[in-house]
Structures are given as structure tokens and as C-alpha cells.
Amino acid sequence: MSDDIKKYFNGLLHKVSGLHVIQITDRDGVPLLRVSQEKNLDFALMPSFIPTFTTACDQASKLGLGRNKTIISMYSNYQVVQMNKLPLILTFVGAENCNTGHILALEHQVDGYLEDIKQAVTEA
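Treat the numbers as computed from the prediction; the structure is a model and nothing was measured. (Residues numbered from 1 in each chain as written. Predicted model: local features only at pLDDT ≥ 70, side-chain atom pairs only at ≥ 80, totals over all residues. Heavy atoms only, no water.)

Trainee: What is the right way to look at the overall build of the protein chain in this model?
Mentor: Looking only at helices and strands, one finds 4 helices and 5 strands in the protein chain. Counting from the amino terminus, the protein chain carries its helices and strands in the arrangement α-β-β-α-β-β-β-α-α. Split by element, the accessible area of the protein chain, about 6800 Å² in all, is 51% carbon and sulfur. (Helix = DSSP H or I, 4+ residues; strand = E, 2+ residues; numbered from the N terminus. Areas by Shrake-Rupley, 256 points an atom, 1.4 Å probe, with all protein chains shown as cover.)

See below:
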């Protein structure tokens with residue numbers, strides 16, 4: 001993994017107030033990159049959590065509204081924003097008062113940095 005990519009996502013983590021974790025995984029939930037400010041947020045990054053997102057996206061797509069791109073889950077202390085960037089899943093975990101709109105605005109900004117990772121996953 002390029003140091004530039006890790007630095008970029010670490011910079012994003014510090015730009016968004018209340019954002020705790022950014023994790024990139026493959027479709028099956030295998031972690032490829034993780035940057036975090038806290039170590040105690042493993043609930044949202046458990047191996048079963050990411051594939052559940054994939055299943056939820058597949059089911060939501062059956063509603064006839066097109067392909068699902070993002071799922072936002074709100075909990076009492078955290079929010080989880082997951083973006084479908086197949087073959088990658090991009091997961092953001094923030095505080096309950098983190099600006100969700102700011103996280104969603106990052107969607108197209110990160111695309112250029114994800115291309116190298118997508119290519120590596122596709123070739124593997």
C-alpha cells in the first residue's frame with residue numbers, strides 16, 4: 001500500500017470533525033487499509049459487519065430504485081457511513097454528532113486514490 005494513499009486518508013480523518021475511523025475493505029470484508037484516531041471502535045469493523053453491508057446493498061437494489069451506493073447507520077454513540085465502491089467498501093465511523101454531509105461529500109474526492117487499490121484487488 002502506498003504511503004501517499006495512507007497519508008491522504010489520514011489527512012481526511014483529521015479534516016472531518018468527529019470522524020474516528022476510515023477503513024477500506026474488499027467486498028468480503030478483508031481489510032486493505034485502516035486509519036483511525038481510536039482503537040476501541042472494532043464493533044463496526046468486525047468481520048461480519050462489512051459483508052452484511054454488501055448483502056443489504058444487494059437487497060436494497062431489488063427495490064427497483066437502482067443500485068444502492070451508500071448506507072448510513074446511526075447508533076447511540078456512533079454513526080457508520082458505508083460506500084459501495086465495488087470491488088471496495090469504504091467505511092467511515094464517526095461520533096454521533098459528526099457531520100454526515102461532510103462524509104458524503106468525500107465520496108468523489110477519494111475516487112482517484114481508490115483506483116490503485118481497485119486495480120490491485122481486481123488482479124488478485
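Trainee: Sorry, what's going on with the side chain of asparagine 84 here?
Mentor: The topology assignment puts asparagine 84 in strand S4 (residues 78-85). Judged by relative accessible area, asparagine 84 falls into the buried class, the value being 9%. Once residues lying within four places of it in the same chain are set aside, the contact partners of asparagine 84 are Phe53, Cys57, Arg67, Asn68, Lys69 and Ile89. (Buried < 20%, exposed > 50% of the residue type's maximum accessible area, 1.4 Å probe, protein only. Contact = heavy atoms within 4.5 Å.)

Trainee: So what exactly am I meant to see when it comes to the packing of helix H1 (residues 3-15) against helix H4 (residues 111-123) here?
Mentor: Any two packed helices are characterised by how steeply their axes cross, that is the angle between the axes, and by the distance between the axes. The geometry of H1 relative to H4 is characterised by a closest axis approach of 11 Å and an angle of 140° between their N-to-C directions. Between H1 and H4, the interaxial angle falls into the category oblique. The hand of the H1/H4 crossing is left-handed. Each of Asp4, Ile5, Tyr8 and Phe9 in H1 lies in contact with H4, whose residues at this interface are Tyr113, Leu114, Asp116 and Ile117. Among the residues making up the contact of H1 with H4, the classes are represented as 6 nonpolar, no polar and 2 charged. (Axes fitted to C-alpha atoms, helices over the stretch in contact; angles between N-to-C directions. Parallel < 35°, antiparallel > 145°, perpendicular 65-115°, else oblique. Left-handed = near helix turned anticlockwise from the far one by under 90°. Nonpolar A, V, L, I, M, F, W, Y, C, P; charged D, E, K, R; others polar.)

Trainee: Sorry if this is basic, but what is going on with H1 here?
Mentor: For an α-helix, 3.6 residues make a turn, and residues three or four places apart therefore share a direction. With 13 residues, H1 should cover 18 Å at 1.5 Å per step; its first-to-last C-alpha distance of 18 Å lies within 8% of that length. Regarding H1, the residues found buried are Ile5, Tyr8, Phe9, Leu12 and Leu13. For H1, the angular spread of buried residues about the axis comes to 140°, placing them on one side. Exposed positions of H1 whose direction lies more than 90 degrees from the buried face are Asp3, Asp4, Lys7 and His14. Turning to H1, the residues buried within the fold contact strand S1 (19-26), strand S2 (31-36), strand S5 (88-95) and H4. (Expected span 1.5 Å × (residues − 1). Arc of directions from axis to C-beta.)

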